[in-house]
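# Per-entry structural report
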Amino acid sequence: GFVVRKGETVVGWVDRCPHAGLPLAQELDRYLTRTGDLILCSWHGALFQIDDGLCVGGPCAGRSLTPWPVAVGEDGLVRTA
């Protein structure tokens, strides 16, 4: 899985594209578009919203990433839930 922080919001996603089942990033920790506003599958160009994982472009439009539950502790550390 991987975690994305957007402002105060922290979300976790399973690192698998719903299109082909491959990990999203070809390079370690390269999950976002250059502008940082969408998650990118570097294999087929699918684009996903950070907040809800919905695919908004590419070969799996309308499908979603699988959530990976995470929580931020009082110490600020992100943990899997």
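Basis of the calculations
- Per-chain numbering applies: the sequence of each chain, read as written, is numbered from 1 onward.
- The predicted origin of the model limits local features to residues at a pLDDT of at least 70 and limits the giving and counting of side-chain atom pairs to 80 or more, whereas totals for whole chains, interfaces and linings rest on all residues.
- Excluding hydrogens and water, the side-chain values take into account all heavy atoms of the structure.
- Residue exposure (1.4 Å probe, protein chains only): buried if accessible area is under 20% of the type maximum, exposed if over 50%, otherwise partly exposed.
- Only DSSP runs of H or I reaching four residues or more are called helices, and only runs of E reaching two or more are called strands; each is numbered from the N terminus.
- Two strands make a pair as long as DSSP finds a minimum of two bridges between them.
- Note that patches include only residues with greater than 30% relative accessible area and no salt bridge, and the join distances are 9 Å for like charges and 5 Å for nonpolar side chains (Val, Leu, Ile, Met, Phe, Trp, Tyr).
- Here the Shrake-Rupley method, with its probe set to 1.4 Å, supplies the accessible areas, and only the displayed protein chains count as covering residues.
- Any Lys or Arg side-chain nitrogen found within 4 Å of a carboxyl oxygen on Asp or Glu counts as a salt bridge.
- For cavity detection a 1 Å grid was placed over the protein atoms alone, and a set of points counts as a cavity when a 1.4 Å probe fits there but cannot get out; an open set counts as a pocket when protein lies on both sides within 12 Å along at least five of seven lines, with lining residues being those that have an atom within 4 Å of a point.
- Grid points are joined across faces, edges and corners, and a volume is the space filled by probe spheres set on the points.
- Polar here means any residue outside two lists: the nonpolar Ala, Val, Leu, Ile, Met, Phe, Trp, Tyr, Cys and Pro, and the charged Asp, Glu, Lys and Arg; Gly therefore counts as polar.
- Helix axes are fitted to C-alpha atoms over the stretch in contact, other axes to C-alpha atoms as well, and angles between N-to-C directions run from 0 to 180 degrees.

## Re the pairing of strand β2 (residues 9-13)
Here β2 lies mainly inside the structure; 4 of its 5 residues are buried. Where strand β1 (residues 2-6) lies against β2, 5 bridges are found, and the strand directions are antiparallel. From the neighbouring strand, Val-4 faces β2, where its bridge partner is Val-11. Counted between consecutive antiparallel strands, the loop separating β1 from β2 contains 2 residues, among which Gly-7 sits at a positive phi close to 65°.

## What about a nonpolar patch on the surface?
Together, Val-3, Val-72 and Val-78 make up an exposed nonpolar region whose accessible area comes to about 200 Å². You can see Val-72 is positioned in strand β6 (residues 70-72).

## Focus on the layout of surface pockets
One number sums up the size of the largest pocket: a volume of about 200 Å³. Along the walls of the largest pocket sit Gln-26, Glu-27, Asp-29, Arg-30, Tyr-31, Leu-32, Thr-33, Arg-34, Leu-40 and Ser-42, which together make up its complete lining. For the lining of the largest pocket, the per-class residue count stands at 3 nonpolar, 3 polar and 4 charged.

## Some remarks on the sheet that holds strand β5 (residues 55-57)
Taken together, the 3 strands give an open sheet; going across it, the order is β3-β4-β5, and neighbouring strands pair in antiparallel fashion. Taken across any chain shown, the strands that pair with only one partner, and hence form the sheet edges, are β3 (38-40) and β5. Strand-to-strand twist across the sheet, computed as the mean angle between neighbouring axes with direction ignored, equals 40°. Direction of pairing for β3 relative to strand β4 (residues 47-49): antiparallel, over a ladder of 3 bridges. Bridged to Leu-38 within β4 is Gln-49.

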